[in-house]
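The primary structure of each chain is shown beneath.
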Amino acid sequence: MGRFDIHRLFFTFGMLVLFSTLVLCGCKKKEKEPQRAEKVPDVQYETGKVTAFCVDAQGKIYTCEEGVENINVYDADGKKLSAIAVEGGTGAGSRYSVLCAGKDALYVSDSVEMGIVKIDISTGARELIYATPTQGYWNLLDMVVCNDSLFFMYRILLDYADQQMMSDIEAGYSYYGETVVCLDTGTKEAKELEVSGVKRLCKKSENEVLFFAYEQDQGFVYRVYDAKKKTYSAEYEADPELNLRWSSVMAFDDNIKRLIYPAANDGQLRAIDITKLESEIDFYNTGLSYLGTNSLQCVNGCTYFAVDGKVTKIDNSSYIKITENGPLKIMFIEPVYPSAEAMGHEVVTKKSETEEIAMKLLAGDSDYDLLFLSSNDPIAEQIRRTGAFEPLNAIEGIETYLGSCFDYIKEAATAENGAIWMLPYEIDTRLLVYQPELCKKYGVNLSGDLTYPEYIRYRDLLAELDSEEKPVFYSRLVWWTALSQYIMNYGVVNGEAQFDTQQFRTLALSLKNLDRLYGGFEKLIQDFSTAKTDEELWEVVQGYYKSYAFGDVEKRELEQKVGIRSNNIGPSFTAGLMDFDFFEVRKLPAIAEGADEKSPAYAYFYVINPNSKRKKEAMEYLADITGTLIQNESIYRTKKLTGEYSKFEKQVHEVYADAEIYFAYPEDVYGAEYLYYIKGMIDLDEMIREAQRKFTIYLKE
Amino acid sequence: MKKYLRKCRLLLLPSLLGIAVFYVIPYLRVIYYSMIENQFSRRFVGLENYQKVLSNTYFQLAQKNSLLLILVAVPILVAAALVISILLNRLQRKWRLLRIAFVFPMLVPTASIVLVWRTVFVGSKSVLPIYGLFWYKNLGLLVILISAAFSTLDASVFEAARLEGASGLVLHRKITLPLIFPTLLFTVLLGVVYSYKVFRESFLYYGGAYPPDHSYTLQYYMNNHFLKLNYQNLASAAVMTSLILYVIVWVGVKLQRKYAV
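Residues numbered from 1 in each chain as written. Chains lettered and ligands numbered in written order. Predicted model: local features only at pLDDT ≥ 70, side-chain atom pairs only at ≥ 80, totals over all residues. Heavy atoms only, no water.

## Here's the deal with the overall build of chain B
Then, number 1: Scanning chain B for helices and strands turns up 11 helices and zero strands.
Then, number 2: Ordered by position from N to C terminus, the α and β elements of chain B give α-α-α-α-α-α-α-α-α-α-α.
Then, number 3: Based on the C-alpha atoms only, the size of chain B along its principal axes is roughly 70 × 65 × 30 Å.
Then, number 4: Counting every position in chain B, which comprises 261 residues, the buried fraction comes to 43%.
Then, number 5: A separation of at least 24 residues holds for 70% of the contacts in chain B among residues at least 6 apart in sequence.
Then, number 6: For chain B, the exposed area adds up to about 14,400 Å²; of that, 70% sits on carbon and sulfur atoms.
Then, number 7: A gap of 7 Å separates the mean positions of the 27 positive and 7 negative side-chain charges of chain B. (Helix = DSSP H or I, 4+ residues; strand = E, 2+ residues; numbered from the N terminus. Buried < 20%, exposed > 50% of the residue type's maximum accessible area, 1.4 Å probe, protein only. Contact = heavy atoms within 4.5 Å. Areas by Shrake-Rupley, 256 points an atom, 1.4 Å probe, with all protein chains shown as cover. Lys, Arg positive; Asp, Glu negative; His and termini not counted. Charge placed at Lys NZ, Arg CZ, Asp CG, Glu CD.)

Pasting the structure below:
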């Protein structure tokens, strides 16, 4: 029996390793170059005030216009071609509400004859082809021609109890008696289709109609009806978070294979890939708050919609940036959320954790394209330090944008080697608001130098007043801000942790009893519910704020609106602190007396994954965001303001100018002990000892 | 014969491929990471990272604590498992079911054990809680393994030894231990590997990534560098740790060759 040749085995094994490595490397997919279409200009049709319109397969539009008895015809470039003298007129544009173009004929909803009428395009002759099944309320919603059949959806007046019974309010579905009918335009035979819970319908292709509906056990779904084979596709569920379910009208662009629809109440046009139903593309703002029935149509890659009686045509591919490689994926770590508009880009967001992102960076994962992070997340600083980013210097306008921001923002966005590593989208810092007169009354002086111990003393002074209303609103989270401020300004000297200092002891002692929360929000809600009109509500909110001498607030509290009524019943009024001019603003107290300390500010920003396969698209997306940021100056980031601003806003701007981006350390390095101390679970010495020890390990390990 | 060898190689191929893809290539990659500035710039720096890691006070502390765990806690664990196994082996058959009780700690969720441990070791400022957790979690498995080894021993060997006048400790030293040496070596190696896995219990017990200095082990060092995206430090530390483990295994194999029957 021969010997087992160990050398040959090693050789085979080595070859295997080599082979496996080569195979794994070879598996890397080649990046596809994105195709970008040249922007086609929008077309606004030279029409009168349009009351209803439709588009035929050639892109000609047919309009009913206010005060006009004919149906006008316009070509694809917006020029008027002709007018169809309709038999019996159009009722000065008010008679027909829903138009739909078929081969040689228009189909309209006729409010006089109560049904659907066919109008011959060449002669203007009309013929009632479908009479409403009820003499009562009947409202035609959507109507499309598909494979020589007319598909339409109508509503009838329902008993309230019936309507409620069929609705699923919690899931956001309300039933209004919607019914779908298929009408053969030749034989005029009508047949109700079994599409329960239907919300909208639109034409998907020459032979297909798409139904968007609600199913009790599945939520919102869509399915496609093949008009030729008379079969339905399977049902596809739509994420309940999508705006799709609120759309008032929808159309399908067969060129880019996307469903087009407006968002809930902002007239923002969105597109979605129905095969995935995951990423809604915000691509065009119509300027309307609501797009009604029949006001949106898609033909030959263009979307047509009517705004203020004028029809506009936009080329979808000019606005919707679809890549062959799929949508851009943005990962974020709560509590921040990527709030920038998609601006025509196909974007999906995914919540993640610090550990997951660290792992993805370690593994060189390419399955995400962007990160949206806060400088409050410790991984932010590590990304900057290690170069785990794609430099953004090539983005058009980014230098201009950063140049327009406060210097400290630009500094934070620039890595040591000069590379721009992140795109700052939002800045947030805490600040103090106060009413000088009221402060004077209570013996509080916030106008000059102020330290935390003094500030806490003032707070306690007002909080202990023997009155029902405590004239101070105060966030318990200020201890965290104060701690960040200490660490940012004094916490690390020459790489050494500095917790065992007199400054820190004084600060920690003053923040010891922060577990009491003051404020009169409950009272506001109480008063609020008694207000009957908008004016009364304004008084209530103003009275609420006027009773407060001072408080520390975050940016969102400056703008946060209070006063929205539940169930949309009764008066509504919204206002944030910024709406009241009786407040003054100043920066946070200092840790050390007389010191010129910077306030810790947090940046919320985008970073491109250096391993992304869609770097180019990600860059284009950030370039679009940058363009918007340049156009819209902000008191929170723009160095030199050019617009008109109130005194309050100018003061806020000054506070934001005197801040610094704080890149936080992990909370468990020092935060846990600090919290235990504030809660009285450990004493000051123990807290300092532990914080010093942990922070030292963090800095030196 | 050539045909036979070819067949052998072919049969080995699937597992070798698995080892290559899941162990060898990642390990080579870790070595590569340990020799570059970082995985984003990929500048080759040779042994600079090793030098940096070796001179780091906290790596030294972590290394010392990890080795202490291996040198102190693992022998105690194996010795305790051996003694318990011998005692269990002496019990009547019906009492041998008692060994099942040693499996329970492996079934209890770590978080629950840690919760109990915290109440038991309130205010403890030593390594005892972590060593205790290590013993508590792993003793059962080792007892089962050693007991299994006992059950495979041939009774006639002991009979013969007794006839020759051997008894008590001599019997165990001269017969039992050499016979179960491979299993003992295996349990020692398992103990060493599990000593690295005690990180989870320790992390939960101390509630974070920064335990007291006496319990700061290599896993903390590596975990913290992972979150700092310092993969080059992590990789260097991992390579050095693996070398220590190789040395331990190598010593074990040598001992086995020398002492095992």
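Still more ground to cover, so stick around.
## Structural notes on the interface of chain B and chain A
Then, number 1: Opposite the 38 residues of chain B that make contact, chain A presents 37 residues.
Then, number 2: Summed over both sides, the interface between chain B and chain A buries roughly 3,200 Å², with carbon and sulfur atoms accounting for 70% of that surface.
Then, number 3: Contact with chain A buries surface across chain B, with Arg9, Tyr210 and Lys228 of chain B losing the most and accounting together for 22% of the total.
Then, number 4: The tally of links between chain B and chain A comes to two salt bridges.
Then, number 5: Residue aspartate 213 of chain B pairs with arginine 693 of chain A through a salt bridge whose shortest N-O separation is 3.9 Å.
Then, number 6: Listing elements by their share of the side of chain B that touches chain A, those giving two or more residues are helix H1 (2–33) and helix H10 (218–227) of chain B.
Then, number 7: In terms of residue count, the dominant contributor to the side of chain B that touches chain A is H1 of chain B (16 residues).
Then, number 8: Residues that form the side of chain B that touches chain A fall into these classes: 27 nonpolar, seven polar and four charged. (Buried area = accessible area lost by both parts, 1.4 Å probe. Salt bridge = Lys/Arg side-chain N within 4 Å of Asp/Glu carboxyl O. Nonpolar A, V, L, I, M, F, W, Y, C, P; charged D, E, K, R; others polar.)

## Observations regarding the side chain of asparagine 230 of chain B
Then, number 1: Within the secondary structure, asparagine 230 of chain B sits in the loop between H10 and helix H11 (231–259).
Then, number 2: The class of asparagine 230 of chain B is buried, set by a relative accessible area of 9%.
Then, number 3: With residues near it in sequence (within four places) discarded, asparagine 230 of chain B still touches Arg385 and Thr386 of chain A together with His225 of chain B.

## Some words on the packing of H1 of chain B against H11 of chain B
Residues and elements named next belong to chain B.
Then, number 1: Direction vectors running N to C along H1 and H11 enclose 125 degrees, while the axes themselves pass 8 Å from each other. Here H1 is positioned oblique relative to H11, judged by the angle of their axes. For the element pair H1 and H11, the recorded crossing hand is left-handed. Contacts between H1 and H11 involve Tyr27, Val30, Ile31 and Tyr33 from the former and Gln232, Ala235, Ala238, Val239, Ser242 and Tyr246 from the latter. (Axes fitted to C-alpha atoms, helices over the stretch in contact; angles between N-to-C directions. Parallel < 35°, antiparallel > 145°, perpendicular 65-115°, else oblique. Left-handed = near helix turned anticlockwise from the far one by under 90°.)

## Structural notes on the pattern of salt bridges
Residue and element names in this part refer to chain A.
Then, number 1: Tallied over the full model, the rule gives 38 salt bridges over all chains.
Then, number 2: Across the pair aspartate 552 and arginine 430 runs a salt bridge whose closest N-O atoms are separated by 2.8 Å. Here aspartate 552, found in strand S34 (residues 550–553), pairs with arginine 430, found in the loop between strand S29 (423–429) and strand S30 (431–434); they are 122 residues apart in sequence, far enough to count as distant.
Then, number 3: Owing to a relative accessible area of 1%, aspartate 552 belongs among the buried residues under this scheme.
Then, number 4: As a salt-bridge pair, glutamate 673 and lysine 694 come within 3.1 Å of each other at their nearest N and O atoms. With glutamate 673 in helix H17 (residues 667–678) and lysine 694 in helix H18 (residues 684–700), this pair connects stretches of sequence that are 21 residues apart. We note that glutamate 673, like lysine 694, is buried.
Then, number 5: A single salt-bridge network, built from bridges that share partners, covers Arg95, Asp110, Glu113 and Arg126.

## Thoughts on the pairing of S29 of chain A
All names here are of chain A.
Then, number 1: Most of S29 sits out of view: six of its seven residues are buried.
Then, number 2: Relative to strand S36 (residues 599–608), S29 runs antiparallel, the two being bridged by six bridges. The partner of glutamate 426 across the bridge, within S36, is tyrosine 604. (Pairing = 2+ DSSP bridges.)

## Details of a nonpolar patch on the surface
Residue and element names in this part refer to chain B.
Then, number 1: Together, Leu67, Leu68, Leu71, Val72 and Ile76 make up an exposed nonpolar region whose accessible area comes to about 400 Å².
Then, number 2: The residue leucine 71 is located in helix H3 (residues 57–90) in this model.
Then, number 3: Under the relative-accessibility criterion, leucine 71 is labelled exposed at 63%. (Patch = residues over 30% accessible without salt bridge, like charges linked within 9 Å, V, L, I, M, F, W, Y side chains within 5 Å.)

## Observations regarding the packing of aromatic side chains
All names here are of chain A.
Then, number 1: The full count for this structure, using the stated rule, is 57 aromatic pairs over all chains.
Then, number 2: Residues phenylalanine 151 and tyrosine 225 carry aromatic rings whose centres are separated by 5.7 Å and whose planes lie at 65 degrees to one another, so their mutual orientation is edge-to-face. Here phenylalanine 151, found in strand S11 (residues 149–156), pairs with tyrosine 225, found in strand S16 (residues 219–226); they are 74 residues apart in sequence, far enough to count as distant.
Then, number 3: Take phenylalanine 151: its relative accessible area is 0%, and that puts it in the buried class.
Then, number 4: The exposure class assigned to tyrosine 225 is buried, which follows from its relative accessible area of 5%.
Then, number 5: With a centroid separation of 5.1 Å and an interplanar angle of 50 degrees, the aromatic rings of phenylalanine 582 and phenylalanine 583 are classed as tilted. Exposure class is identical for phenylalanine 582 and phenylalanine 583. Each is buried. (Phe/Tyr/Trp six-rings, centres within 6.5 Å; stacked < 30°, edge-to-face > 60°.)

## Remarks on the confidence of the model for chain A
All names here are of chain A.
Then, number 1: With 87% of its residues at a pLDDT of 70 or more, chain A shows a mean pLDDT of 84.
Then, number 2: Confidence scores differ between elements of chain A, with helix H12 (residues 521–530) showing the lowest mean pLDDT of 58 and helix H7 (residues 407–413) the highest of 97.
Then, number 3: Below pLDDT 50 for its whole length, residues 28–35 participates in 11 contacts with residues either more than four positions away or in separate chains.
Then, number 4: Throughout residues 517–522 the model reports pLDDT below 50, and contacts reaching past four residues in sequence, or to other chains, amount to 14 contacts. (pLDDT = per-residue confidence, 0-100.)

## Quick look at the sheet that holds strand S9 (residues 126–131) of chain A
Residues and elements named next belong to chain A.
Then, number 1: Pairing within the open sheet is antiparallel, and its four strands lie in the order S6-S7-S8-S9. The open sheet has two free edges, formed respectively by strand S6 (96–101) and S9, since each of these has just one partner strand. Within the sheet, the average angular offset between the axes of one strand and its neighbour, ignoring direction, is 25 degrees.
Then, number 2: Pairing of strand S7 (residues 105–110) with strand S8 (residues 115–120) involves six bridges; the strand directions are antiparallel. Bridge pairing in S8 places tyrosine 107 opposite lysine 118.

## Concerning the nonpolar core
Then, number 1: Counting residues in each nonpolar core, the largest one holds 185 residues, and the members touching the most others are Ile383, Phe499 and Tyr606 of chain A.
Then, number 2: A per-element tally of this core places H3 of chain B first, with 14 residues.
Then, number 3: Not counting chain neighbours up to four residues away, the residues in contact with phenylalanine 499 of chain A comprise Leu483, Tyr486, Ile487, Phe504, Tyr670, Ile688, Ala691, Gln692 and Phe695 of chain A.
Then, number 4: Counting 19 residues, the second largest nonpolar core, distinct from the first, contains Tyr173, Tyr222, Ala238 and Leu242 of chain A. (Core = buried A, V, L, I, M, F, W, Y, C linked by side-chain atoms within 4.5 Å.)

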